[in-house]
Amino acid sequence: MFVLVNLKAYPCDPIEIAEAVRDVSDASGVDIAVAPQTAHLSQVAETGVETWGQHVSPVEHGSHTGSTLAEAVADAGATGTMLNHSENRLKLADIDAGLAAAERVGLDTTVCANNPEQVGAVAALGPDAVAVEPPELIGTGTPVSKADPDIVTDAVAAAEAVDENISVFCGAGISTGEDLVSARELGAEGVLLASGVAKADDPIAALEDLVEPL
Ligand SMILES: O=C[C@H](O)COP(=O)(O)O
């Protein structure tokens, strides 16, 4: 299972969490990555943790003030990026161009989608992975794998129908090892989570609980 910890814009210490993710990943053997704010990418990557961008812009070098250039994200030490998170929705053409930008610099890509229908649509653009996240469950602590398991199994089927090599992750409300096991049993190869770690009083304990049953 792949675990991507998205720090969003939460008021957490990105280095403390990066070091916790690195240490728990090393100790458990579970592939865990962290996606900090773009401005923190270099500092986070320097800890040695697997580092992802939260977004890259659908642009090349040029007159694009305020953009998140894929080259800069890769230069900062990221090895992957999300696109189209529910809190940063993109037009289909911009997802396509964002994927091209990420692939140009060798970043792994995970495109988020609200539901299985959107999973099928974005899978057709050829990302490495898709992540299904019902927006209404994000940040609730109620895991999608329990609240609506069909969303996960339908997302897996939708992606497989397009390309069986695309990995499917799920997210929203995931915070325990039991949630990860449920996600895996439903066919997900990874999970996307945020508040369960970024808002935890003890991020190391939260991460250890996540990977304990794997
Ligand atoms: O990027 C992460 C997802 O939006 C899930 O967030 P959450 O774990 O706080 O529900």
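Bear in mind the structure is a predicted one, so any value in this text is a computation, not a measurement.

## Regarding the side chain of Glu 133
Then step 1. Relative to the helices and strands, Glu 133 is located in the loop between strand E6 (129-132) and helix H6 (144-147).
Then step 2. Buried within the structure, Glu 133 lacks any salt-bridge partner; its nearest side chain of opposite charge belongs to Lys 8, at an N-O separation of 5.9 Å.
Then step 3. Once residues lying within four places of it in the same chain are set aside, the contact partners of Glu 133 are His 85, Ala 113, Asn 114, Ile 138, Gly 171, Ala 172 and Leu 192.

## Some words on helix H1 (residues 14-28)
Then step 1. Between the first and last C-alpha of H1 there are 21 Å, a value that for 15 residues agrees with the 21 Å anticipated at 1.5 Å per step.
Then step 2. By the burial criterion, the buried members of H1 are Pro 14, Ile 17, Ala 18, Ala 20, Val 21, Val 24 and Ser 25. Axial view of H1: buried residues confined to an arc of 165 degrees, hence all on one face. Within H1, the exposed residues directed more than 90 degrees away from the buried face are Asp 26 and Ala 27.
Then step 3. Those residues of H1 that are buried are in contact with strand E1 (2-6), strand E2 (31-35), helix H2 (41-45), helix H9 (195-198) and helix H10 (203-211).
Then step 4. Taking the backbone nitrogen of Ile 15 as reference, a side-chain oxygen 2.9 Å away marks Asp 13 as the first, capping residue of H1.
Then step 5. Immediately downstream of H1, the backbone of Gly 29 shows phi near 80 degrees, a positive value.

## Overview of the pairing of strand E8 (residues 190-193)
Then step 1. Alternating residues of E8 divide into Gly 190 and Leu 192 and Val 191 and Leu 193, and every residue in both groups is buried.
Then step 2. Bridge count between strand E7 (residues 167-171) and E8: three bridges; the pairing is parallel. Pairing of Cys 170 across the sheet is with Val 191, part of E8.
Then step 3. Taking the sense of rotation as the criterion, the β-α-β connection linking E7, helix H8 (residues 177-185) and E8 turns out right-handed.

## Describing the site of the ligand
Then step 1. Taken together, the residues surrounding the ligand are Asn 6, Lys 8, His 85, Glu 133, Ile 138, Gly 139, Ala 172, Gly 173, Leu 192, Leu 193, Ala 194 and Ser 195.
Then step 2. Separating an oxygen atom of the ligand from a side-chain N or O atom of Ser 195 is a distance of 2.5 Å.
Then step 3. A total of 300 Å² of accessible area belongs to the ligand in isolation, and the protein chains cover 100% of it.
Then step 4. A breakdown of the residues in the shell around the ligand according to their chemical character gives five nonpolar, five polar and two charged.

The rules we used
Every residue gets a number counted from 1 within its own chain, in the order that chain's sequence is written. Residues qualify for local features only when their pLDDT is at least 70, as the model is predicted, and side-chain atom pairs are given and counted only at 80 or more; totals for whole chains, interfaces and linings, by contrast, use all residues. Hydrogen atoms and water are omitted, and side-chain values are computed over all heavy atoms in the structure. Elements are defined by DSSP. Helices are runs of H or I of four residues or more, strands are runs of E of two residues or more, and each kind is numbered from the N terminus. To sort residues, take the accessible area from a 1.4 Å probe on protein chains only and compare it with the maximum for the residue type: under 20% means buried, over 50% means exposed, and anything in between is partly exposed. Charge counting follows a simple rule: Lys and Arg are positive, Asp and Glu are negative, and His as well as the terminal groups are ignored. By convention in these notes, a salt bridge is any Lys or Arg side-chain nitrogen within 4 Å of a carboxyl oxygen on Asp or Glu. Contacts were defined at the residue level, with two residues in contact if any of their heavy atoms lie within 4.5 Å. Expected span, for any helix, means 1.5 Å times one less than how many residues it has. Note that the arc is defined by the directions from the helix axis to the C-beta atoms. Whenever two N or O atoms come within 3.5 Å, that pair is a polar contact, provided that in protein one can donate a hydrogen and the other can accept it, and provided that, for residues adjacent in sequence, both atoms are side-chain atoms. Between any two strands, pairing holds if DSSP finds at least two bridges. Note on handedness: a clockwise path from strand one over the helix to strand two, with the strands aimed away from the viewer, defines a right-handed crossover. Nearness of a residue to a molecule or strand requires only that one of the residue's heavy atoms be within 4 Å of it. Using a 1.4 Å probe, accessible areas were evaluated by the Shrake-Rupley method; residue-level cover was limited to the displayed protein chains. Three classes are used, and their members are as follows: Ala, Val, Leu, Ile, Met, Phe, Trp, Tyr, Cys and Pro are nonpolar, Asp, Glu, Lys and Arg are charged, and the others, Gly among them, are polar.

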